[in-house]
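Architecture at a glance
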Amino acid sequence: MKKFLSFFIIFIFGAGFGFYSPKLVKLYNKKQNEIKFTNYDTKNIDQSKKTVKVRMVNSSYIEYPIKTIHYILEEKFNVKYVYDDSYDILINQPLHHNEYNFKENAVKIFFTGESITPDIEKYDLSIGFDYIDHKKYIRIPLVFMDYFSALKTENLKNISPKYNREEKFSKCNPSKEYFACFLVSNGSYKAGAQERIELFHHLSLYKKVASGGLFLNNIGKVVPFDESLDFLSKCKFTIAYENNSKYPGYITEKLYQAYLAGSVPIYNGHKTVLSDINKSAIIYSGDFANTEELVDHIKKIDQDDETYCKIWNENLFTNDDMSYDAVYKRLQKKIYEVLDEKLILK
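These notes cover the structure that comes with them. (Residues numbered from 1 in each chain as written. Predicted model: local features only at pLDDT ≥ 70, side-chain atom pairs only at ≥ 80, totals over all residues. Heavy atoms only, no water.)

Our focus in this paragraph is the sheet that holds strand β8 (residues 209-211). Taken together, the five strands give an open sheet; going across it, the order is β8-β7-β9-β10-β11, and neighbouring strands pair in parallel fashion. Both outer strands of the open sheet, β8 and β11 (283-284), are each paired with one neighbouring strand and no more. Bridge analysis of strand β7 (residues 178-182) against β8 gives three bridges, and the strand direction is parallel. Within β8, the residue paired with F182 across the bridge is S211. In the packing of helix α7 (residues 193-204) onto the sheet, the strands contacted are β7, β8, β9 (235-241) and β10 (264-268), and the crossing angle to β9 comes to about 150°. (Pairing = 2+ DSSP bridges. Helix = DSSP H or I, 4+ residues; strand = E, 2+ residues; numbered from the N terminus. Contact = heavy atoms within 4.5 Å. Axes fitted to C-alpha atoms, helices over the stretch in contact; angles between N-to-C directions.)

A word on the packing of α7 against helix α10 (residues 291-302). α10 packs onto α7 with a crossing angle of 50° between their chain directions and a minimal axis gap of 10 Å. Of the possible angle classes, the one that applies to α7 and α10 is oblique. Crossing hand, α7 versus α10: right-handed. Facing E198, L199, H202 and L203 of α7, the residues of α10 in contact are T291, E292, L294, V295 and I298. (Parallel < 35°, antiparallel > 145°, perpendicular 65-115°, else oblique. Left-handed = near helix turned anticlockwise from the far one by under 90°.)

Structurally, T291 is set in helix α10. Of the residues examined, T291 reaches a relative accessible area of 13% and is grouped as buried. Only 3.1 Å separates the side chain of T291 from the side chain of E198, close enough to count as a polar contact. Every residue in contact with T291, bar those within four places of it in the chain, is listed here: E198, L199 and H202. (Buried < 20%, exposed > 50% of the residue type's maximum accessible area, 1.4 Å probe, protein only. Polar contact = N/O pair within 3.5 Å; in protein donor to acceptor, adjacent residues only side chain to side chain.)

All right, on to empty space enclosed by the protein then. Using the criterion set out here, one finds three cavities of 30 Å³ or more in the structure. If you add up the space inside the largest cavity, you get close to 60 Å³. What lines the largest cavity is simply L183, V184, R196, L232, T238, I239, A240, Y241, K254 and Q257. Taken together, the elements giving at least two residues each to the lining of the largest cavity come down to β9 and α9 (253-260). For the lining of the largest cavity, the element with the most residues is β9, which contributes four residues. In terms of residue class, the lining of the largest cavity is made up of six nonpolar, two polar and two charged. (1 Å grid on protein atoms, 1.4 Å probe; cavity = no way out; pocket = protein on both sides within 12 Å on 5 of 7 lines; lining within 4 Å. Points joined across faces, edges and corners; volume = space filled by probe spheres on them. Nonpolar A, V, L, I, M, F, W, Y, C, P; charged D, E, K, R; others polar.)

Another aspect to go through is the sheet that holds strand β1 (residues 50-57). Strands in a sheet are paired, the pairing made by backbone hydrogen bonds, and the direction either parallel or antiparallel. Taken in spatial order, the six strands make up an open sheet running β2-β1-β3-β4-β5-β6, and their pairing is parallel. The sheet is open, and its two borders are formed by β2 (77-81) and β6 (137-139), each paired with just one other strand. Averaged over all pairs of adjacent strands, the angle between their axes in this sheet comes to 20°, without regard to strand direction. Of the strand pairs in this sheet, strand β3 (residues 89-92) and strand β4 (residues 107-111) are connected by four bridges, and their pairing is parallel. Directly across from I89, in β4, lies its bridge partner V107. Relative to the sheet, helix α12 (residues 324-341) contacts β2, β3, β4, β5 (125-128) and β6, its axis offset from that of β5 by approximately 160°.

As structure tokens, this is what we get:
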């Protein structure tokens, strides 16, 4: 309510004096984000720890710190988020190749959740999807940086070969409320995005595909992010296509959230990412010559409970190196090495 009133006052004030503009709204949103970032400042200051100031730039959609990096920093430091040039650590999280003028003595980290190759030499550490062998780079998909770490602590441990689906869902249930689900907010032009739209329409000719996102919504409401797992838990299958299926190494939360919800993912991504997961736990579109063949295969599985449950019972996480704990420790080591080189840990 307070947030609404603040915006209303700004709107009326601006309109009344004839200078309301998108810049005013942007200024208001920036202020709201500053408040949200400040909420992540270390509350219980440890006098034995150094305080580091962190600034995030070029992050137009994020309203909170990158949680995994935040957790790693808080193990060693009191953390304070700033919006001026007093920062010790700057995290550039661009949606595109946005430039930024860095302070020379600051720790510069590049992180992207998009299919963007970082300019490694400009940063002390780059984090992305690409397979690059470089001491200043580490491959960590977005899902480990924010989506998983946004979950409750007990869920983080699920990202492991030790995860047992039956402990949460008791057993495979082929008779769910929805035959298949589609949770998409934009109709992107990128390869993968158009393919998932095509699959949605083809599969809908067989049975209704429940669409809970902004795009092609047909359930009467938009499913909020924090209700995604609940929604997908009602789905026998989930269309979990990447926005960009042609980019090597690019894998986001779509596949993982479907699996953790107890749904069988119908997945489309670059073949290189299959090394991150157990392919037997999904239906991979790359195994089929076209959408018609894929739909025929889905129909057969839908009509065969034994085959469906065989897929459902497979663990998506069979690669120890891609468990959450393993990824966290690799990133922790990299970040501490960089901070040590810059004397922040001294």
